[in-house]
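One letter stands for each residue in the lines below.
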Amino acid sequence: MPGHRFDLAIVGGGIVGAATAREVTKRWPKLRCLLLEKESGLARHQSGHNSGVIHAGIYYQPGSLKAKLCVRGMRLMYDYCDARRLPCKKVGKLIVATREGEFDRLAELKRRGEENRVPDLRLLTNQSEILAVEPNCTGGLRALHSPHTGIADFGAVTRSFGDDFLTSGGEIRLGFELTSVRFDSAQLSEPNGYPLTLQPATGESVSCRRLITCAGLHSDRVAAMTLTKDDASSDSKTAQSPPPPPSIVPFRGDYLVLRPGRESLVRGNIYPVPDPRFPFLGVHFTPRVDGSVWLGPNAVLAFKREGYGLWDISARDLADALSKPGLWRLLAANIGPGLRELRRVIDTGAMVEELRRFVPSLSRDDVARGPSGVRAQALADTGALVDDFVIVGDSEGRVMHVCNAPSPAATSSLAIAEFVADRANEKLGLGLL
């Protein structure tokens, strides 16, 4: 039936899926394109539950997809928000060393950022220079200043991408929870056939000629619906990445918020110098476009892939996570940090004490418990986090999966969309449909 047949279906209504749908219809307006989302609206999970930071590209391995796409994505994001009059602001960022032992790592971050062509990085070598940027950051000894780091409302950006897609002739179907992908061998032999049938949990299926998935927290499960053991054509530039699709393990991050009247305690983002022994960046201060300030997050295993509360549990998701040998190796290698993260879940004062390294005037009375988010983290069997973006295709040239798109995916979303569209044209032949 024509109403259920599309040239291209894109699964996932987060910021990467919506940006990809928008980019495809910009390039090939004659294609009949469909964006599928299982929730009742776009950006209901990672894209709507994040700190809202527009990253500049400092941390990432030079030459990696993250490094390339974050720097370009930052520029594209600012331009897009300005053109659409969406809230965003360059509030800047300080990566602050509070101990002499962090100086070498801070210098290495500056070198890496400059190699990634992050604009206008500046090393602040004394406290007076730090206080000129952040008057209450009296705990800092040295800092790396990134003036182009900023903030945005990525939920609003995602919805705007969706509006662009609709304006360009695309179609969005909400409440479509994909449960299987079926290949029709008879349609495969037809030059204009629709060989892929997407079956939802409820409602009517749809057929398509090509498929791109950007399923975030469920990316491994959706990829497994089409990929075989022979489908190992990865576009990731990370040599350590496991064969696709990588396993997703969810980690929950809980934030504190500054109480009303205390938002002036910080002007911009204040981050620690990351410790390479540990897998996450550490707690930090993040202003929001609504004027609030978030502090955190911690990082603990989530018992449910979409579990934002402490006691949100899915037996399936928990059993799946615990079945991953990489998770046990990760936990074993980080027992001390893991216990500290758990303490911060229970005791807000523990997180405040960590944040006081940077802003000593912060007190427990200044904060309240805030929102939580869940990060889809791809994990290798060795226990190493899969650091770079991972994009894989099937052996038939009909399906492409965005399997790993953690931070800075929101910042990079427009650049990721360009990259995916380029690869989809090359490997799926979108321009020839």
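Above this text you will find the structure in question.
Here we summarise the structure given alongside this text. (Residues numbered from 1 in each chain as written. Predicted model: local features only at pLDDT ≥ 70, side-chain atom pairs only at ≥ 80, totals over all residues. Heavy atoms only, no water.)

## Some details on the packing of aromatic side chains
Counted by the stated rule, this structure contains three aromatic pairs. On the basis of an interplanar angle of 65° and a centroid distance of 4.9 Å, the ring pair of Tyr 80 and Phe 161 is categorised as edge-to-face. Residue Tyr 80 is found in helix 2 (residues 65–84), and its partner Phe 161 is found in helix 5 (residues 154–167); the two are separated by 81 residues along the sequence. Owing to a relative accessible area of 5%, Tyr 80 belongs among the buried residues under this scheme. Residue classification places Phe 161 among the buried positions, given a relative accessible area of 0%. Centre to centre, the rings of Tyr 255 and Trp 294 are 4.8 Å apart; their planes meet at 50°, and the pair counts as tilted. Remark: Trp 294 occurs in strand 17 (residues 293–296) and Tyr 255 occurs in strand 14 (residues 247–258); sequence separation between them is 39 residues. The same class applies to Tyr 255 as to Trp 294, namely buried. (Phe/Tyr/Trp six-rings, centres within 6.5 Å; stacked < 30°, edge-to-face > 60°. Helix = DSSP H or I, 4+ residues; strand = E, 2+ residues; numbered from the N terminus. Buried < 20%, exposed > 50% of the residue type's maximum accessible area, 1.4 Å probe, protein only.)

## Quick notes on the pairing of strand 21 (residues 399–404)
Summarising burial for strand 21: six of the six residues are buried, a large majority. Note: strand 12 (residues 206–213) against strand 21, three bridges, orientation parallel. In the strand pairing of strand 21, Thr 213 is matched with His 401. In this sheet, strand 21 lies alongside strand 20 (residues 390–393) in antiparallel orientation, the contact comprising four bridges. (Pairing = 2+ DSSP bridges.)

## Description of the packing of helix 2 against helix 12 (residues 409–428)
Where helix 2 meets helix 12, the axes come as close as 6 Å, and the angle between the chain directions of the two elements is 105°. By the angle class used here, helix 2 and helix 12 are roughly perpendicular. In this structure, helix 2 contributes Leu 65, Leu 69, Cys 70, Arg 72, Gly 73, Met 74, Leu 76, Met 77 and Tyr 80 to the contact, and helix 12 contributes Ala 410, Thr 411, Ser 412, Ser 413, Leu 414, Ala 415, Ile 416, Glu 418 and Phe 419. Among the residues making up the contact of helix 2 with helix 12, the classes are represented as 12 nonpolar, four polar and two charged. (Axes fitted to C-alpha atoms, helices over the stretch in contact; angles between N-to-C directions. Parallel < 35°, antiparallel > 145°, perpendicular 65-115°, else oblique. Contact = heavy atoms within 4.5 Å. Nonpolar A, V, L, I, M, F, W, Y, C, P; charged D, E, K, R; others polar.)

## Things to note about the packing of helix 1 (residues 15–27) against helix 12
Put simply, helix 1 and helix 12 touch, their axes get as near as 8 Å, and they point 40° apart. Here helix 12 runs oblique to helix 1, going by the angle between their axes. Handedness of the crossing formed by helix 1 with helix 12: right-handed. Contacts from Ile 15, Val 16, Ala 19, Thr 20, Arg 22, Glu 23 and Arg 27 in helix 1 reach Ala 409, Ala 410, Ser 413, Leu 414, Ile 416, Ala 417, Glu 418, Val 420, Ala 421 and Asp 422 in helix 12. A class-by-class count of the residues in the contact of helix 1 with helix 12 yields 10 nonpolar, two polar and five charged. (Left-handed = near helix turned anticlockwise from the far one by under 90°.)

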